[in-house]
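Next come the chains, spelled out residue by residue.
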Amino acid sequence: MNKSILTNLLALIVTALGVLLKIDILYFIGVFAVSGALTNWLAVYMLFEKVPGLYGSGVIPERFQEFKLAIKTMMMEQFFSAQNIAK
C-alpha cells in the first residue's frame with residue numbers, strides 16, 4: 001500500500017474520531033494533518049506539472065538542463081575536490 005495514502009487515511013480517521021467522540025484536540029490534530037498532507041501533495045505536484053494560473057508550477061521540466069548542470073557542478077566541487085581525493 002502507498003505510504004502517503006496510508007498516512008492520509010490515518011489523518012482522516014483521526015479527524016473523524018475527533019468529531020464522533022467530541023474530542024477537540026483529536027479533531028484539530030486530524031485537521032492539521034490532512035491540511036498538511038494536501039499542501040505537500042500540491043507542492044510536489046506543482047514541481048513537475050504546470051498548473052494553469054499558478055506561478056512557479058512546472059519548474060523542474062522547464063529548467064531541467066539547468067538543474068542537471070547545477071547538480072553536476074555541485075558533485076564535482078563537493079565530492080571530487082582535490083582535498084577529498086587526497087584523503
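These figures come from a predicted structure and were not determined experimentally.

Colleague: I keep staring at the overall build of the chain and nothing clicks. Help me out?
Modeller: Each helix and strand counted, the chain has five helices and zero strands in total. In sequence order, the secondary structure elements of the chain are arranged as α-α-α-α-α. Taking 12 Å as the expected radius of gyration for a compact globule of 87 residues, we find that the chain reaches 21 Å, considerably beyond that expectation. In the chain, which comprises 87 residues, the share counted as buried stands at 9%. Taking as baseline every contact in the chain between residues at least 6 positions apart, the subset at least 24 positions apart corresponds to 3%. Averaging the coordinates of the 7 positive side-chain charges in the chain and doing the same for the 5 negative ones gives two points 6 Å apart.

Colleague: Please explain the pattern of salt bridges as it appears in this structure.
Modeller: Close approach of charged atoms allows side chains with opposite charge to pair. If you walk through the whole model with that rule in mind, you get two salt bridges. Note that Lys-50 and Glu-62 form a salt bridge whose closest N and O atoms lie 3.7 Å from each other. With Lys-50 in the loop between α2 (24–48) and α3 (59–62) and Glu-62 in helix α3, this pair connects stretches of sequence that are twelve residues apart. Per residue, the accessibility class of Lys-50 equals that of Glu-62, and both read exposed. The closest approach of N and O atoms between Glu-66 and Arg-63, which form a salt bridge, is 3.8 Å.

Colleague: Teacher, can you tell me more about unusual backbone geometry here?
Modeller: Generally, phi is negative for residues other than glycine and the peptide bonds are trans, each holding for most cases. You will see that Lys-22, though not glycine, has its phi angle at about 55°, which is positive. Under the relative-accessibility criterion, Lys-22 is labelled exposed at 73%.

Colleague: What's the story with the packing of aromatic side chains in this structure? I'm lost.
Modeller: In this description, a pair of aromatic rings is defined by centroid distance and the angle of the planes. Across all of its chains, the model carries two aromatic pairs by this definition. Note on Trp-41 and Tyr-45: the rings are 5.5 Å apart at their centroids and 20° apart in plane angle, and the pair reads as stacked. Of this pair, Trp-41 and Tyr-45 are both found in helix α2, four residues apart, which corresponds to roughly one turn of the helix. Take Tyr-45: its relative accessible area is 39%, and that puts it in the partly exposed class.

Colleague: How do you make sense of the side chain of Ser-57 when you look at a structure like this?
Modeller: Within the element layout of this structure, Ser-57 appears in the loop between α2 and α3. Overall, Ser-57 belongs to the buried group, its relative accessible area being 1%. Here Val-51 takes part through its backbone nitrogen, which lies 2.9 Å from a polar atom of the side chain of Ser-57. A polar atom in the side chain of Ser-57 sits 3.0 Å from the backbone oxygen of Leu-54. Look past the residues within four positions of Ser-57 in its chain and what remains in contact with it is Met-46, Glu-49, Lys-50, Val-51 and Glu-62.

Calculation notes
Residues numbered from 1 in each chain as written. Predicted model: local features only at pLDDT ≥ 70, side-chain atom pairs only at ≥ 80, totals over all residues. Heavy atoms only, no water. Helix = DSSP H or I, 4+ residues; strand = E, 2+ residues; numbered from the N terminus. Rg over C-alpha atoms; globule rule 2.2 N^0.38 Å. Buried < 20%, exposed > 50% of the residue type's maximum accessible area, 1.4 Å probe, protein only. Contact = heavy atoms within 4.5 Å. Lys, Arg positive; Asp, Glu negative; His and termini not counted. Charge placed at Lys NZ, Arg CZ, Asp CG, Glu CD. Salt bridge = Lys/Arg side-chain N within 4 Å of Asp/Glu carboxyl O. Phe/Tyr/Trp six-rings, centres within 6.5 Å; stacked < 30°, edge-to-face > 60°. Polar contact = N/O pair within 3.5 Å; in protein donor to acceptor, adjacent residues only side chain to side chain.

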